[in-house]
Amino acid sequence: KAGVTQTPRYLIKTRGQQVTLSCSPISGHRSVSWYQQTPGQGLQFLFEYFSETQRNKGNFPGRFSGRQFSNSRSEMNVSTLELGDSALYLCASSLANTNNEQFFGPGTRLTVL
Amino acid sequence: GDSVTQMEGPVTLSEEAFLTINCTYTATGYPSLFWYVQYPGEGLQLLLKATKADDKGSNKGFEATYRKETTSFHLEKGSVQVSDSAVYFCALIAGGSYIPTFGRGTSLIVHP
């Protein structure tokens, strides 16, 4: 079974631009979560989607948004990029049940100049 | 709220040394507990898990036991290898939740 895939793997943007990251979950997984990982803040939860609806949300500004499609693929968008948005963005998928472990993709490394 | 506390890193060991990475948690109810590993340049991979008190999770020589009385889930390995160098994350999912709470991660460096 193929794992979680994320595209692109690397991105370089400048302040003020916007960016869209893509995630394809493991087949059969209907929950997709996004995380931001930085050396200073560690792993921070952005949001979780299930059945095309945002089910859980972390404490990030509205510049961070996401969506999920009917095939469970998900995208996240960051508008008006700031230098502090430079991070590894991780996507994870899981079965829809509670208490289930998450399966992570390799991440997208975003650098904002 | 729920929280996970891991020992500060980096942990530096010689090959074949014994490893312990401490993890304690605070949660309501009966959470499921996990250890994830992140190798350089990669995402997190599930290493092992335990879903109820006294359960022992194990994988690739790593072990951790769910200790409800001490709210701990310490990771151990009897003999580490250079290839075990990575960042290790302890995590919990509280009962009825979909989203894990992660610790800050502990970097392990193993020298030949």
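Residues numbered from 1 in each chain as written. Chains lettered and ligands numbered in written order. Predicted model: local features only at pLDDT ≥ 70, side-chain atom pairs only at ≥ 80, totals over all residues. Heavy atoms only, no water.

## Quick notes on the sheet that holds strand β3 (residues 19-21) of chain B
To summarise the sheet geometry, strands pair through backbone hydrogen bonds and adopt either a parallel or an antiparallel arrangement.
Residues and elements named next belong to chain B.
And step 1. Overall, antiparallel pairing links the four strands, which are arranged β3-β9-β8-β7 in an open sheet. Every interior strand has two partners, whereas the edge strands, β3 and β7 (56-59), have only one. On average, each strand axis in the sheet is inclined to that of its neighbour by 15°, with strand direction left out of account. (Pairing = 2+ DSSP bridges. Helix = DSSP H or I, 4+ residues; strand = E, 2+ residues; numbered from the N terminus. Axes fitted to C-alpha atoms, helices over the stretch in contact; angles between N-to-C directions.)

## Some thoughts on the layout of surface pockets
And step 1. Roughly 570 Å³ of internal volume is contained in the largest pocket.
And step 2. Of all the secondary-structure elements, those providing two or more residues to the lining of the largest pocket are β4 (31-38) and β5 (42-50) of chain A together with β1 (3-6), β10 (86-93) and β12 (106-111) of chain B.
And step 3. Here the residues of the lining of the largest pocket are counted per class, giving 13 nonpolar, 12 polar and five charged. (1 Å grid on protein atoms, 1.4 Å probe; cavity = no way out; pocket = protein on both sides within 12 Å on 5 of 7 lines; lining within 4 Å. Points joined across faces, edges and corners; volume = space filled by probe spheres on them. Nonpolar A, V, L, I, M, F, W, Y, C, P; charged D, E, K, R; others polar.)

## Thoughts on the nonpolar core
And step 1. Counting 27 residues, the largest nonpolar core has B:Leu19, B:Trp35, B:Leu47, B:Leu48, B:Phe73, B:Leu75 and B:Tyr88 as its most contacted members.
And step 2. Among the elements of the structure, β2 (11-14), β3, β4 (23-26), β5 (32-38), β6 (44-50), β8 (62-65), β10 and β12 of chain B are those that each provide at least two residues to this core.
And step 3. Here the element with the most residues in this core is β10(B); it accounts for four residues.
And step 4. Once you skip the residues sitting within four places of it in the chain, B:Leu47 turns out to touch B:Trp35, B:Tyr36, B:Val37, B:Asn59, B:Lys60, B:Phe62, B:Leu75 and B:Tyr88.
And step 5. Counting residues in each nonpolar core, the second largest holds 21 residues, with A:Trp34, A:Tyr49, A:Ala87 and A:Leu110 among its members. (Core = buried A, V, L, I, M, F, W, Y, C linked by side-chain atoms within 4.5 Å. Buried < 20%, exposed > 50% of the residue type's maximum accessible area, 1.4 Å probe, protein only. Contact = heavy atoms within 4.5 Å.)

## So, the pattern of salt bridges
And step 1. The final tally for this structure, using the stated rule, is nine salt bridges over all chains.
And step 2. For A:Arg63, the salt bridge is made with A:Asp85, and the minimal N-O distance between the two is 2.9 Å. Placement of the pair is A:Arg63 in the loop between β6 (53-57) and β7 (64-68) and A:Asp85 in the loop between β8 (74-78) and β9 (87-94), with a sequence separation of 22 residues.
And step 3. Measuring nitrogen to oxygen at the nearest pair gives 2.9 Å for the salt bridge that ties B:Lys49 to A:Glu101. You can see B:Lys49 sitting in strand β6 and its partner A:Glu101 sitting in the loop between β9 and β10 (103-104), one on each of two chains.
And step 4. Looking at A:Glu101, the relative accessible area reads 13%, which means it is buried. (Salt bridge = Lys/Arg side-chain N within 4 Å of Asp/Glu carboxyl O.)

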